[in-house]
Amino acid sequence: MEITLVQGDITEQRVDAIVNAANSSLMGGGGVDGAIHRRGGPEILEECRKLRAARYGKGLPAGQAVATTAGRLPARWVIHTVGPVHSTSEDRSELLASCYVASLRVAEELGAGSVAFPAISTGIYGWPMDDAARIALDAVRRADTSVEDVRFVLFDRTAYTAFESRL
Ligand code: ADP
């Protein structure tokens, strides 16, 4: 597997699948989730609604992942995963690692060879960037997957530098 880092906007990535740091409602939100739905168009939200109704009445649990098509985005699929909210009283690292592993498993089921990830949980969910970078890179490196190309798309310089120093 090749791991690459880019600074930029995940909605612009030409890969088979991009990963969305969704919230458990799957009904859209701010941050990267908002950007994906804005750029991808209403088709993605429509599929999310159906998934919610059919399979996730209580919402998608943290650490799990599910795919939709990607509407108008250059990618073919969006894999929605729910990161854990960062906590200082409880170690939720396993759940964060699980977002990456579960997303790669879904990608493999789709036959996706290339996958782009944002830095899950590091925005609204408050995870410190250095720690999130360590967990993300360890999880992806250890994953037993047929996905060949993993790209981390870091939105700003600070995020890019954190991932770069960990890689
Ligand atoms: P979470 O709720 O999991 O914290 P956020 O969307 O708030 O999710 O933030 C996750 C990370 O995604 C943050 O580092 C944020 O800067 C970054 N981000 C926001 N928009 C984009 C985008 N268009 N492409 C890539 N990363 C983005």
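What counts, and at which threshold
Residues numbered from 1 in each chain as written. Predicted model: local features only at pLDDT ≥ 70, side-chain atom pairs only at ≥ 80, totals over all residues. Heavy atoms only, no water. Salt bridge = Lys/Arg side-chain N within 4 Å of Asp/Glu carboxyl O. Helix = DSSP H or I, 4+ residues; strand = E, 2+ residues; numbered from the N terminus. Buried < 20%, exposed > 50% of the residue type's maximum accessible area, 1.4 Å probe, protein only. Core = buried A, V, L, I, M, F, W, Y, C linked by side-chain atoms within 4.5 Å. Contact = heavy atoms within 4.5 Å. pLDDT = per-residue confidence, 0-100. Near = heavy atom within 4 Å. Polar contact = N/O pair within 3.5 Å; in protein donor to acceptor, adjacent residues only side chain to side chain. Areas by Shrake-Rupley, 256 points an atom, 1.4 Å probe, with all protein chains shown as cover.

**With respect to the pattern of salt bridges**
- According to the stated counting rule, one finds five salt bridges in the structure shown.
- Among the ionic pairs, Arg 49 bridges to Glu 46, the shortest N-O distance being 3.3 Å. Here Glu 46 and Arg 49 lie together in helix α2 (residues 42-54), a separation of three residues that amounts to about one turn.
- A relative accessible area of 41% places Arg 49 in the partly exposed class.
- Take Glu 46: its relative accessible area is 37%, and that puts it in the partly exposed class.
- Notably, a salt bridge pairs Arg 92 with Glu 90, separated by 2.9 Å at the nearest N-O pair.

**Examining the nonpolar core**
- By size, the foremost hydrophobic cluster in this structure holds 37 residues, and its most contacted members are Tyr 100, Phe 117, Val 140, Phe 152, Leu 154 and Phe 163.
- Breaking this core down by element, the ones donating at least two residues are β1 (2-7), β2 (17-22), β4 (77-82), α3 (93-110), β5 (114-117), α4 (129-142), β6 (149-154) and α5 (157-166).
- In this structure, Leu 154 is in contact with Leu 5, Val 6, Gln 7, Gly 8, Ala 119, Ala 159, Tyr 160 and Phe 163, ignoring residues within four places of it in sequence.
- Core analysis: the second largest hydrophobic core is formed by 19 residues, Ile 10, Ile 18, Ile 36 and Ala 75 among them.

**Some details on the confidence of the model for the protein**
- Here the protein averages 98 in pLDDT, while 100% of its residues score no lower than 70.
- Two numbers describe this predicted complex: its pTM, 0.98, and its ipTM, 0.99.

**Points about the site of the ligand**
- Taken together, the neighbourhood of the ligand is formed by 16 residues, with Val 32, Ser 121, Thr 122, Gly 123 and Ile 124 sitting nearest.
- Note that an oxygen atom of the ligand is positioned 3.0 Å from one of the backbone N or O atoms of Tyr 125.
- Look at the ligand: alone it shows 570 Å² of surface, and the protein chains cover 91% of it.
- Take the shell around the ligand: its biggest share by element is three residues, from helix α1 (residues 31-40).

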